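Now for the letters of each chain:
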Amino acid sequence: MALVTYEGASSSSFTHQPKKFDVFLSFRGEDTRLGFISHLYNALCQRGINTFIDDNLQRGEEISVGLLKVIESSRISIIVFSENYASSKWCLDELAKIVECKKKDQLVLPVFYNIDPSEVRNQKGKFGEALSKHEKKLKDYKVQSWREALFEAANISGWHYNQSCSESEFIQEIVEKISNCKLNCTPLFVARYPVGINYRVKCILSDIESNDVRMIGIYGPSGIGKSTIARAIFNRICHHFDGFCYLENFRENSGTNDGVIKLQETFLSEILRDKNLKVGNKSRGINIIKERLSCMRILLVLDDVDKLVHIENLLGKCDWFAYGSRIIITTRDKHLLATLGNCCSTYEVQELDKDEALELFSMYAFQRNKPKDDYLELANQVIQYTKGHPLAIEIMGADLCGRTKLEWKSALYMYERNPNKDIQKIFEMSYEGLNAIEQDIFLDIAFFFRGFLKEYVVDILDACNLYPICGIQRLIDKCLIIVDQYDRLFMHDLLQQMGREIVRRESPKMPGERSRLWCYEDVHKVLTENTGSEKIRGITICSPESSKMKLKPNCLEKMKNLKFLIVSNVDICRGLKYLPNELRVLDWSGYPLSSLPSNFDPQNLIALNMPQSRVTLDKLFKRIQCRNMTYMNFYSNQYIRELPDLSSATPNIKKLDLRYCRRLVNVPDTVGYLDKLETWDLVHCRELQTLPSCIVMKSLKHLNLLGCAKFKSFPHIPQEMENLKFLSLQNTAIRELPPSIGNLTGLERLEIGSNFYSCHLPSSIYKLQQLHALLLNGNVKFPKDVGIGRQAAVCNSYGGFSKYCFPKLNFVKKLTSCFTHSEKCLLSRSEDLNFQESIIRFNRLNWLLIRNSKFLKKIPKLPESVRHVYAINCISLKSESLRKLILQFRRNLGLSPNMKCSGVKDKVLMDSHSHRNLSNQIDCSSRVSFSKFNAINDEYFPTLDAHLVEFAERYEIIVPRKKIPNWINHQSIESSVSFWVGPEFPSIAVCVAFHLIPLKDSYANNDKHGFICGDIIDCSYDIHISINSHKRRHMAGSTFFDLKCDYLWFYGEPHSQLQRSFGDLMQGDRNHVEISCKINHWVSKNGKYAPVIARMGVHVECVCPPQNSVIIQHNSQNVDDDTELLAPLLSQNVDDGLRRRRPFKFL
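Just so it is clear, the structure is predicted and the values come from calculations on it, not from any experiment.

The rules we used
Residues numbered from 1 in each chain as written. Predicted model: local features only at pLDDT ≥ 70, side-chain atom pairs only at ≥ 80, totals over all residues. Heavy atoms only, no water. Helix = DSSP H or I, 4+ residues; strand = E, 2+ residues; numbered from the N terminus. Buried < 20%, exposed > 50% of the residue type's maximum accessible area, 1.4 Å probe, protein only. Contact = heavy atoms within 4.5 Å. Areas by Shrake-Rupley, 256 points an atom, 1.4 Å probe, with all protein chains shown as cover. Pairing = 2+ DSSP bridges. Axes fitted to C-alpha atoms, helices over the stretch in contact; angles between N-to-C directions. Core = buried A, V, L, I, M, F, W, Y, C linked by side-chain atoms within 4.5 Å. Arc of directions from axis to C-beta. pLDDT = per-residue confidence, 0-100. Phe/Tyr/Trp six-rings, centres within 6.5 Å; stacked < 30°, edge-to-face > 60°. Parallel < 35°, antiparallel > 145°, perpendicular 65-115°, else oblique. Left-handed = near helix turned anticlockwise from the far one by under 90°. Nonpolar A, V, L, I, M, F, W, Y, C, P; charged D, E, K, R; others polar. Salt bridge = Lys/Arg side-chain N within 4 Å of Asp/Glu carboxyl O.

Digging into the overall build of the chain
Alright, step 1. Check the secondary structure of the chain and you find 32 helices and 42 strands.
Alright, step 2. Here the chain, with 1147 residues, has 56% of them falling under the buried criterion.
Alright, step 3. A separation threshold of at least 6 residues defines the contact pool for the chain, and within that pool the share at least 24 residues apart is 68%.
Alright, step 4. In the structure as shown, the chain presents an accessible area of about 49,800 Å², 47% of it carried by carbon and sulfur atoms.

Remarks on the sheet that holds strand β6 (residues 214-219)
Alright, step 1. What the 5 strands build is an open sheet, ordered β7-β8-β9-β6-β10; its pairing is parallel. Bordering the open sheet on either side are β7 (243-247) and β10 (344-348), each of which pairs with just one other strand. The mean inter-strand angle of the sheet, taken between neighbouring strand axes irrespective of direction, is 15 degrees.
Alright, step 2. Two elements, β6 and strand β9 (residues 326-331), share 6 bridges in a ladder whose sense is parallel. In the sheet register, Y219 faces β9, and the bridge partner there is T331.
Alright, step 3. Against the sheet, helix α11 (residues 257-272) engages β7 and β8 (298-305), with an angle of about 150 degrees to β7.

Re the nonpolar core
Alright, step 1. The biggest cluster of nonpolar side chains holds 88 residues, and the ones touching the most others in it are L565, W588, W680 and F714.
Alright, step 2. For W588, the contacting residues outside a window of four places in its chain are L551, L565, V567, V570, I572, L576, N609, M610 and P611.

Some remarks on the sheet that holds strand β1 (residues 21-26)
Alright, step 1. Taking strand neighbours across the sheet as the criterion, the 5 strands line up as β2-β1-β3-β4-β5 in an open arrangement whose pairing is parallel. Unpaired on one side and paired on the other, β2 (51-52) and β5 (159-161) mark the two borders of the sheet.
Alright, step 2. As judged from the 3 bridges shared by strand β4 (residues 107-113) and β5, these two strands associate in the parallel manner. When the bridges of β5 are listed, F112 appears paired with H160.

Some points on helix α16 (residues 376-386)
Alright, step 1. L378, A379, V382, I383, Y385 and T386 are the residues of α16 that are buried. Summarising the axial view, the buried residues of α16 lie within an arc of 165 degrees, below the 170-degree limit, and thus occupy one face. Facing away from the buried side of α16 by more than 90 degrees, the exposed set consists of E377 and Q384.
Alright, step 2. Among the structural elements, α15 (354-366), α17 (390-400), α18 (405-417) and α23 (493-504) are those in contact with the buried residues of α16.
Alright, step 3. K387 lies just past α16 and shows a positive phi near 50 degrees.

Overview of the environment of I572
Alright, step 1. Relative to the helices and strands, I572 is located in strand β17 (residues 570-572).
Alright, step 2. Distance from I572 to P592, taken between C-alpha atoms, is 7.6 Å for residues 20 residues apart in sequence.
Alright, step 3. Among residues more than four places away in sequence, those in contact with I572 are L551, W588, Y591, P592 and L593.

Examining the confidence of the model for the chain
Alright, step 1. Predicted confidence across the chain gives a mean pLDDT of 82, with 84% of residues reaching 70 or more.
Alright, step 2. Low confidence marks residues 785-803, where pLDDT is under 50. Its contacts with residues over four positions away, or in another chain, come to 47 contacts.

Quick look at the pairing of β7
Alright, step 1. Of all 5 residues in β7, 5 are buried, a share of seventy percent or more.
Alright, step 2. With burial as the criterion, each face of β7 is covered, one bearing G243, C245 and L247 and the other bearing F244 and Y246.
Alright, step 3. Pairing of β7 with β8, which is carried by 5 bridges, proceeds in the parallel orientation. Residue pairing across strands places L247 opposite L302, the latter belonging to β8.

Focus: the pairing of strand β41 (residues 1089-1100)
Alright, step 1. Burial runs high along β41: 12 of the 12 residues are buried.
Alright, step 2. Here 3 bridges tie strand β34 (residues 970-972) to β41, and the two strands are oriented antiparallel to one another. Each residue of the ladder has a partner; that of S972, found in β41, is M1096.
Alright, step 3. Looking at chain direction, strand β36 (residues 988-998) and β41 are connected through 11 bridges and run antiparallel. Within β41, the position partnered with V992 by the bridge is M1096.

Some details on the packing of aromatic side chains
Alright, step 1. Taken as a whole and judged by the stated rule, the model has 40 aromatic pairs.
Alright, step 2. For the pair F452 and Y456, a centre-to-centre distance of 5.4 Å together with 15 degrees between the ring planes defines the contact as stacked.
Alright, step 3. The exposure class assigned to F452 is partly exposed, which follows from its relative accessible area of 28%.
Alright, step 4. By relative accessible area, which is 9% here, Y456 ends up buried.
Alright, step 5. Residues Y1021 and W1049 carry aromatic rings whose centres are separated by 5.2 Å and whose planes lie at 75 degrees to one another, so their mutual orientation is edge-to-face. Here Y1021, found in strand β37 (residues 1017-1027), pairs with W1049, found in strand β39 (residues 1047-1053); they are 28 residues apart in sequence, far enough to count as distant. The same class applies to Y1021 as to W1049, namely buried.

Focus: the packing of α11 against helix α13 (residues 308-315)
Alright, step 1. Look at α11 against α13: their axes get within 9 Å of each other, and the N-to-C directions meet at 55 degrees. In terms of axis orientation, α11 runs oblique to α13. The element α11 and its partner α13 pack so that their crossing is right-handed. The residues of α13 that touch α11, namely those facing V260, L263, Q264 and F267, are N313, L314 and L315.
Alright, step 2. For the contact of α11 with α13, the class distribution of residues is 5 nonpolar, 2 polar and no charged.

Some thoughts on the pattern of salt bridges
Alright, step 1. Inspection of the entire model under this criterion finds 36 salt bridges.
Alright, step 2. D444 is the salt-bridge partner of R516, the closest N and O atoms lying 2.9 Å from each other. A residue pair is termed long-range when its members are at least 10 positions apart, and R516 in strand β13 (residues 516-517) and D444 in helix α20 (residues 436-449) qualify at 72 residues. Accessibility classification places R516 together with D444 in one group, the buried group.
Alright, step 3. Two residues, R537 and D444, come together in a salt bridge whose shortest N-O distance is 2.9 Å. Taken together, the positions of R537 in the loop between α24 (520-529) and β14 (538-542) and D444 in helix α20 put the pair 93 residues apart, joining distant regions of the chain. Comparing R537 with D444 shows no difference in burial state: the two are buried.

Here's the deal with the packing of α16 against α17
Alright, step 1. In the contact formed by α16 and α17, the axes pass within 10 Å of each other and the chain directions differ by 150 degrees. Relative to α17, α16 is oriented roughly antiparallel. Both α16 and α17 take part in a crossing whose hand is right-handed. Counted together, V382, Y385 and T386 of α16 and A392, I393, M396 and L400 of α17 form the full contact between these two elements.
Alright, step 2. Its residues assigned to classes, the contact of α16 with α17 comprises 6 nonpolar, 1 polar and no charged.

The following block contains the structure:
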C-alpha cells in the first residue's frame, strides 16, 4: 500500500484523481530510506503537505502503472539523487516519467545527497558505471532515454547536501521552499457541488486555444455561475503559465485609488512571488506591471468587472504580456466585453438544464444526486420556479433541506408571492446599476411587455420618452432581458418577480400609490375602493376565468398618468365614462361596448388592441384622428362590416390585424394607400369581397388572405413593391391573378389555390425571381411558352420550371404542374394521378409536401437537393415507391444498408403490438384542446417572418406506413433506442412508427390495416439525445396535422451537423448514446383515437459490444412485409390552412 499524508486513501483512489498529491518523492531506498527520506517525509507531513512515497509498493522489473499515475497526479516531484540511484531501473523509470511530466508544467526539484551534481549531469562515477551495466542487458533506446532524463534533471536548480550544514537545517530549507510553492499552487475552492461546471469549462477552453494574448469574457446575470466557472478554469490551466493571479471582487476593490493600488500590489506579488513589493501610486504601478511582466506568460482572472476604466487602471494595456497569456474577465455587462476588441472571446453562461438543475437541487435538499421518490413532484415545482438559476437553486435547496412535505408546500406558496430575500438581493445588484430611465424600461417590460416583439415595445416606449433603442440594448448587455430568434423580449421568471417586488415595496400597504399594478387582488382593491392615483403608470386587469370583475364607469378617473391599460375578462356596469388621455396602449380583450368614451382623446395612443370586442370602426374613427396610432388589432370582431377611411384616421398604421372578422365585406380604396402599413392580416374574413382596387403600399411586408372564401379579385399593383415577402391567397375565390402581380419583385413565399376553383397564373408570375416557397392548393395552372426579359424559357413541360423561372425556389407544396391529369380526373379521384419524371430537373428544390392526394401511387426519383418529403394521408402510395424514396435519402446521408450491429447475434422474439397492447401506452396527460394545441403551435410562429426561415441540413420523410425498414440496425418496441459509437458522432437515421389507437372501446371500428374512421389527429413530438448519460438535449421535433392513418417518420442528420451539435459531449473512443421520442401534445377532433409510438429504430455505424440477442418482428399484420400499406379515410375534409406549423415543419 502507498503511504499518503491523509487517512483513508487507498492505492486506487489516486489513479483517477489528477493533482491528488502535493509532492512525489523519488529516491533509492537502500541509500536514504531510513535516514534522510524518513526525516524529509515527516517534516513535509507536519507542514500539511500531502506527500507520496512508494515505501511499501511491491517492486518488480517494470515500474507499475499505478506509480506512473501517482507521478502524473502530483504537483511537485522531488528527486533525491544518491550514490546508488542509477543502479535501480525502477528509479530511472520514475525519473523518466517525472521529466515527461515536467514538460506538462509539473514542478521538479532535484536534491543531490552526498553526490556531486556534475556526476549526475555527465553520468560519471557510480552513475556512469550503473548505466553501462544497464546497456549490456537492455535496449539502447531505453538507456538513452534515462541518460537524457538524468542530464535534464541535473541541470535544474535544486539543493546540494555535502554535510556543510546539519541535515535538519537542510531539510527545513527544502520544506520552506515546498511550503511556499504549495501555498501558491493551492487550487481555489470552486463549489460545494460543481454540477454542470466541467461541461461549461470544456466549452470555453475549446475556444481559446491560440498562441497570442487572449482575453476571455464570461458574462451572464448575477448568480448564474460566472465566478464558479472562472475558478474552475483557473484551477485547470494555471500550471501552464509563468505566473498566475485571481483577483476576486474586482468591482468593489477598484472603486478608489487605494483600492486600485492594493489590486496592483496583489497582482505583482502573486506573479513575482514578492510579498514586500510596493507600487506607491496607481500610475507607477501600471509602469511596474509593464516593465516587470512584459516577458512573462501569465494567467490573470478579474472577477466581477463593471467598467473598462477599472481594467485600464490596473493593467494599462492587456497586450503588454508575453504571447500565450490569458486574461479572464467575468462581468454582468456584455457591452463591456465588446469594447475590448477582437482579442476578447466571449462566453454567455446559460442556465442549468432540467437534469442538471434537479441534480444540484437534490444535493442541497437531500444530500444525494436525485430527490426522494415522494418529494419528486415538489422538487420539480422548485425546478420550474427557479428556471435553472444555480444560486436560486442552492438557496432554496438549503432552505428546504430536512423539512416536511407540508412545510415544502407552504414554502413554495410563499416563494411565488414573496420572493426569497437572498435571491432578491442577488438579482437587484444588476438593477441598481441602471439609470432611472433604464429602470423604468425594465419594469415596464417585466410588468406589461414580456414576450412581445421588440419593435412593438420600442414604438410604445419611444412614445413615453424613454429612449428604448439604447435602453433596451443596455438591458440586454446587462443580461436582464434576452431577445429570442423571433425578436421577442423575454426575461428570467425570477427577474420578473424581482421587478414586481421592487414596485410592491414602493407602497407595501397601499397598492394605489404604486407605479404599476398587475396582481388581481391589488387591482380589485384599487378599482372597487376607487383608491387609484396619478402615480399609477400601468395596470393589468385580468379576472380569473371563474369570475368576471365588474368595473364602475369612473373607476380610472384618478389615474391621470396611466399609459398602459391591459384588460381581459371584465364587465362594465352602466358604460365607461373615462379613459386617461395619456394612454399609449389600450389592450382590452372582449371590450363590451361599441365605442370609447366621448371625452377620450386618443392622440397619444400607439396601440389599440381590442380582439373579440364589439367596437364598430366607423363609430370609433368618425370623430377622431389618431396620427400616432401604429398598431390595431380587432381579431374576431363580428361587428365590423366595412373599414373606415384609415388613410386619414390612422395614416401611420404599421400593423392591422383583422383575422376572423367574419362580417367584414368591403375595404375602401383609400386603405390601399397606407404607405406605412407593414403587416395586414385578413385570415378567414369569410364575407370579404373587395379590397382596394389598387394597392400602393411601399412598406407592406406581409399580406394574408387565407380562407377569404368570397374574395375574387386581387388588386392591381401599379408599381413595384419590393418589400412584400409573404402573400397568402389560399382558399380564396381568386380564379386569375392580374399581370401586375409581377411587380411583387421581393416576394419570397406565395400560397395560392383552392379546392373549389382552378386558378390561372399570368406569365408575369415568372418575374418573381426571389420566390423561395410556393404552396399550391388544388388546380393551379401555370402559363406555357413564356420569355423572361432577354432569356427565353420554354415551360410547356415544366421540367425547366425551377431552373429558368424561379431560380431560388426550394420549397414546393403539392406541385400540381408535375402531375399528369386533367381537371376532370382530379375531381373524380382518378387512380392515374402520378408525378412526372421531369421533377428530377428541379435542381434547387428542397421541400416537397403533398397532402390528401388519395390516389397518388408513385413518387419518382427526386432531385438530390430535396431533403424533406411529406406525403400526408397519401394512402395509395405503393410500398416499392416508398422503399426507393427512403433508400434515396439513406444514400444521401452516406449510410450503408450493410452496417450490422455486433451486439446482436441470436434471434429473440419481439412480440408485436396489438391495438389493445398499445392502448396502454396512450398518454392522456398530453391530450389538449384544439385551442390549446393551436396556441402552443402559434408559439413557433409569432410572426409571419417565421414562415420564411431556412434551416440547417437535415433529411425527413413522412409517409403512410406501419413498418420500420429491416435494414435499420437498431430497433425497439419502446420509445427509445441506445447504442455505442466511436470518438466522433457518425451520420444517423432515426425512424419512428406512429400508430393511431382507439380510445376506450372504439377499437372495434379499426380496420386491420391501421386506418381510422371518423376522426382526425394532430400531434407534436420531440426527439432527445443523451450521450454518456451526461445530459439530455433536444435533437429534433415536429408537429403533424390532419392525420388519418398510421405513419412513419424518417429523420436523418449528417456527421458534420451532429458533430457540431453534440461533439462536445463525446468522451474517449466509445460513447453510449440514447435517442428517445416523446409525444408532447395531441388532440383528437372527435375523441375516438390517440397517437402512440409503436416502434422506433436508429441506423448508425456503431461499436456496440457483442451480446447474444437481436429483436425480430413476429406474426402480425402490423409488421408484415407484404401487407398493403393503408386504406383511406375519406370521411373528413379539413381546411388545410387553418393551422400553422412548427419551424421547418410545413405540414
